[in-house]
Amino acid sequence: MKSHESEVMEKEEIKLVGFTITESLNHVLESKIVETLRRDLAKRIDEIKNRVGTGMYLNQIYPHDGEWTPDVPFEHVIAVEVSAFDHLPSGMISHTIAAGRYIKIMHKGPESQLGATYEYINSSFGIRPIDLEYWQDINDLDSEESRIDIYIPG
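This section reports on the structure supplied with the text. (Residues numbered from 1 in each chain as written. Predicted model: local features only at pLDDT ≥ 70, side-chain atom pairs only at ≥ 80, totals over all residues. Heavy atoms only, no water.)

## A word on the nonpolar core
- Counting 24 residues, the largest nonpolar core has L41, I48, I78, W135 and I150 as its most contacted members.
- Residues I61, V77, Y102 and I130 belong to the second largest nonpolar core, which totals 12 residues. (Core = buried A, V, L, I, M, F, W, Y, C linked by side-chain atoms within 4.5 Å. Buried < 20%, exposed > 50% of the residue type's maximum accessible area, 1.4 Å probe, protein only.)

Below, the structure is given as structure tokens:
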């Protein structure tokens, strides 16, 4: 099986609660800050009310001018889906993903090989305002059977 498969789909609005940082891709990879925030979110998951599902999201929001390189800081939102923003735990933010048409690209395999899938996305779809990753099971991300769904505006 290829490391990625894609399909076009309509998605409803997604409400998220979690953490946000603004860092470059290079700094994120060096510091492993997203992994740390993902673990921190998992530890505090019971504080988040109105959760939907068991997975986590990473929303990467790129600069509006489209001028992005691995050294340009951009926003990263590490969060879980909720049905309503009734209560925000201390230090967490709310974030909304707009409804619309998205291209879903499935990465199958270890998270460490995700770069190859992003190379495919970048060469096939070019500049975009966001990427949205969905991790079904954060405890399985190093497995050959791991699956990460990536959504880009389509």
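Back to the text.
## Comments concerning the side chain of E133
- Position of E133 relative to the elements: it lies in strand β7 (residues 130-135).
- Despite its burial, E133 remains without a salt bridge, the nearest opposite charge being carried by R38 at 6.0 Å.
- For E133, the side chain forms a polar contact with the side chain of Y118, separated by 2.7 Å.
- Apart from residues lying up to four places away in sequence, E133 is in contact with M56, Y57, L58, Q60, L114, Y118, I148, D149 and I150. (Helix = DSSP H or I, 4+ residues; strand = E, 2+ residues; numbered from the N terminus. Lys, Arg positive; Asp, Glu negative; His and termini not counted. Salt bridge = Lys/Arg side-chain N within 4 Å of Asp/Glu carboxyl O. Polar contact = N/O pair within 3.5 Å; in protein donor to acceptor, adjacent residues only side chain to side chain. Contact = heavy atoms within 4.5 Å.)

## Some thoughts on helix α2 (residues 33-43)
- For α2, the complete set of buried residues consists of V34, L37, R38 and L41. For α2, the buried positions fall inside an angular range of 105 degrees around the axis, keeping them on one side.
- Those residues of α2 that are buried are in contact with β2 (14-23), α1 (25-31), β3 (56-61), β4 (74-82) and β7. (Arc of directions from axis to C-beta.)

## Side note on the pattern of salt bridges
- The full count for this structure, using the stated rule, is seven salt bridges.
- Of the charged contacts in the structure, one is a salt bridge between E111 and R38, with a shortest N-O distance of 2.9 Å. Pair noted here: E111 is in the loop between β6 (100-108) and α3 (114-125) and R38 is in helix α2, with a separation of 73 residues, a long-range link.
- One salt bridge connects E47 with R44, and the closest N-O pair in it is separated by 2.8 Å.
- For R44, a relative accessible area of 22% corresponds to the partly exposed category.

## Some points on the side chain of H107
- Along the polypeptide, H107 turns up in strand β6.
- A polar atom in the side chain of H107 sits 3.4 Å from the backbone oxygen of G109.
- Engagement of the side chain of H107 in a polar contact is seen with the side chain of T117, the distance being 2.6 Å.

## So, the layout of surface pockets
- By volume, the largest pocket amounts to about 700 Å³.
- Around the largest pocket, the lining is made up of 27 residues, and of these L25, L29, Q60, Y118 and E133 lie nearest the centre.
- For the lining of the largest pocket, the secondary structure elements donating two or more residues are α1, α2, β3, β4, α3 and β7.
- It is α3 that contributes the most residues to the lining of the largest pocket, four residues altogether.
- By residue class, the composition of the lining of the largest pocket is 13 nonpolar, seven polar and seven charged.
- As for the second largest pocket, its lining consists of E35, R38, R39, E111, I138, N139, L141 and D142.
- Of the residues belonging to the lining of the second largest pocket, the class tally is two nonpolar, one polar and five charged. (1 Å grid on protein atoms, 1.4 Å probe; cavity = no way out; pocket = protein on both sides within 12 Å on 5 of 7 lines; lining within 4 Å. Points joined across faces, edges and corners; volume = space filled by probe spheres on them. Nonpolar A, V, L, I, M, F, W, Y, C, P; charged D, E, K, R; others polar.)

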